[in-house]
Amino acid sequence: MISFIRNLVGVKTDQAVQGAVEALVRWDPQSATEAELRGMEQHLDELGRQVAEARQAFDREQREADAISQLSQQRMAAAEQLQQRMQAEADPTRKAELERSLATLVGMLEQMAPDIDRERQDAADAAQFLHMLEDTYAQAGQKLKGARDALNRAQRDMGRAEQQREVAERRAEAARQAAGLSSATSGLSVALKAMQDNAARNLAAAEAANSKAKLLQPSRPEQDDPNIAAAMAAASGRPALPNTLSDRLSALRQKQLGAPRQLNAPDRG
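What counts and how
Residues numbered from 1 in each chain as written. Predicted model: local features only at pLDDT ≥ 70, side-chain atom pairs only at ≥ 80, totals over all residues. Heavy atoms only, no water. Helix = DSSP H or I, 4+ residues; strand = E, 2+ residues; numbered from the N terminus. Buried < 20%, exposed > 50% of the residue type's maximum accessible area, 1.4 Å probe, protein only. Contact = heavy atoms within 4.5 Å. Areas by Shrake-Rupley, 256 points an atom, 1.4 Å probe, with all protein chains shown as cover. pLDDT = per-residue confidence, 0-100. Core = buried A, V, L, I, M, F, W, Y, C linked by side-chain atoms within 4.5 Å. Polar contact = N/O pair within 3.5 Å; in protein donor to acceptor, adjacent residues only side chain to side chain. Salt bridge = Lys/Arg side-chain N within 4 Å of Asp/Glu carboxyl O.

*Asks:* Explain the overall build of the chain to me, please; I cannot follow it from the model alone.
*Replies:* Helices and strands together make up the secondary structure of the chain, namely seven helices and zero strands. Its helices and strands in sequence order give the chain the pattern α-α-α-α-α-α-α, from N to C terminus. Within the chain, buried positions represent 19% of all 269 residues. Taking all contacts inside the chain whose residues are at least 6 apart in sequence as the whole, residues at least 24 apart take part in 72%. Here the chain has roughly 20,000 Å² of accessible surface; of this, 53% comes from carbon and sulfur atoms.

Structure below.
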């Protein structure tokens, strides 16, 4: 295979193939980044082109091996026919001609034997190299696909984590707003309680004033009973008000008697 690798132009001596294969074999996709994935994709693309070229080379080598093998088989069959004819020929001259022809074919078969072996080996080496590249390409493709899937999952996980963080922040903000509203409601409750307490104090003061007014005002008996009313008036130093017609007339008479007399006007004579 070494000679085949050295002689197969465009495939075996291509350092890019070796670099791509070594990079893909050593590559660990578990911790691959996006940049590394792009680099591996480039290696994979290069390796894919080399696989295509290796397949073309193998097909060419196989055709050459098949052609020389077919030619060798044809010459071998012709040599066997010549040998049979030579053995069956009775004419010495004709037999000598067949012998010379057979000797020529045998010599050609002996000369092409190494070429047949070389072409067969080259075709086998090309097939082995192609299978190696194809296996490496398939493994690298699986690695790359797995790494791409892992990276996509990681990106989705990061996206979900970001969404969860945003939701948590919104919840925290809502909690802060609720706490502020609670404080405002608490302050409003304090103000309302103060207003209610003030209203209760004012109501208590009004009730006390009404009670005092009721206490100081004369009761209904003191107003309805004339005798009690007169006694209460006398006790307070105020004259009792007349209630009956006689009392009222007597009060008028006392006022008239107590008023100064007017002088009579002189007679006009």
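*Asks:* Help me understand the confidence of the model for the chain in this model?
*Replies:* Confidence in the prediction for the chain averages 75 pLDDT; 65% of positions are at 70 or higher. The low-confidence segment residues 1–13 (pLDDT under 50) makes 29 contacts with residues lying over four places distant or belonging to another chain. Low confidence marks residues 265–269, where pLDDT is under 50. Its contacts with residues over four positions away, or in another chain, come to zero contacts.

*Asks:* Hey, could you run me through the nonpolar core in this one?
*Replies:* With ten residues, the main nonpolar core is built from Ile68, Ala79, Leu82, Met86, Leu98, Leu102, Leu105, Leu109, Met112 and Ile116. Breaking this core down by element, the ones donating at least two residues are helix H3 (34–88) and helix H4 (92–216). Take this core: its biggest share by element is six residues, from H4. Beyond its immediate stretch of four places on either side in the chain, alanine 79 contacts Leu102, Leu105 and Leu109.

*Asks:* I would appreciate a short explanation of the side chain of threonine 136 in the present structure.
*Replies:* With respect to the element layout, threonine 136 can be found in helix H4. In this structure the side chain of threonine 136 is engaged in a polar contact, spanning 2.8 Å, whose partner is the backbone oxygen of methionine 132.

*Asks:* I'm lost on the pattern of salt bridges in this one. Help?
*Replies:* Side chains bearing opposite charge may pair, as long as their charged atoms lie close to each other. Applying the stated rule across the entire model yields eight salt bridges. Note that glutamate 46 and arginine 49 form a salt bridge whose closest N and O atoms lie 2.6 Å from each other. Remark: arginine 49 and glutamate 46 occur in helix H3; sequence separation between them is three residues, near one turn of the helix. Residues lysine 145 and aspartate 149 are paired through a salt bridge, measuring 3.3 Å at the closest nitrogen-oxygen approach. Of this pair, lysine 145 and aspartate 149 both sit in helix H4, four residues apart, roughly one helical turn. Residue classification places lysine 145 among the partly exposed positions, given a relative accessible area of 49%.

*Asks:* Where do I start with the environment of aspartate 45 in this structure?
*Replies:* Residue placement: aspartate 45 occurs in helix H3. When the C-alpha atoms of aspartate 45 and glycine 141 are compared, they prove to be 9.9 Å apart, with 96 residues separating the residues in sequence.

*Asks:* Please clarify how the environment of alanine 54 should be interpreted in this entry.
*Replies:* In this fold, alanine 54 is placed in helix H3. When its relative accessible area of 3% is taken as the criterion, alanine 54 is described as buried. With 79 residues separating them along the chain, alanine 54 and leucine 133 place their C-alpha atoms 8.1 Å apart.

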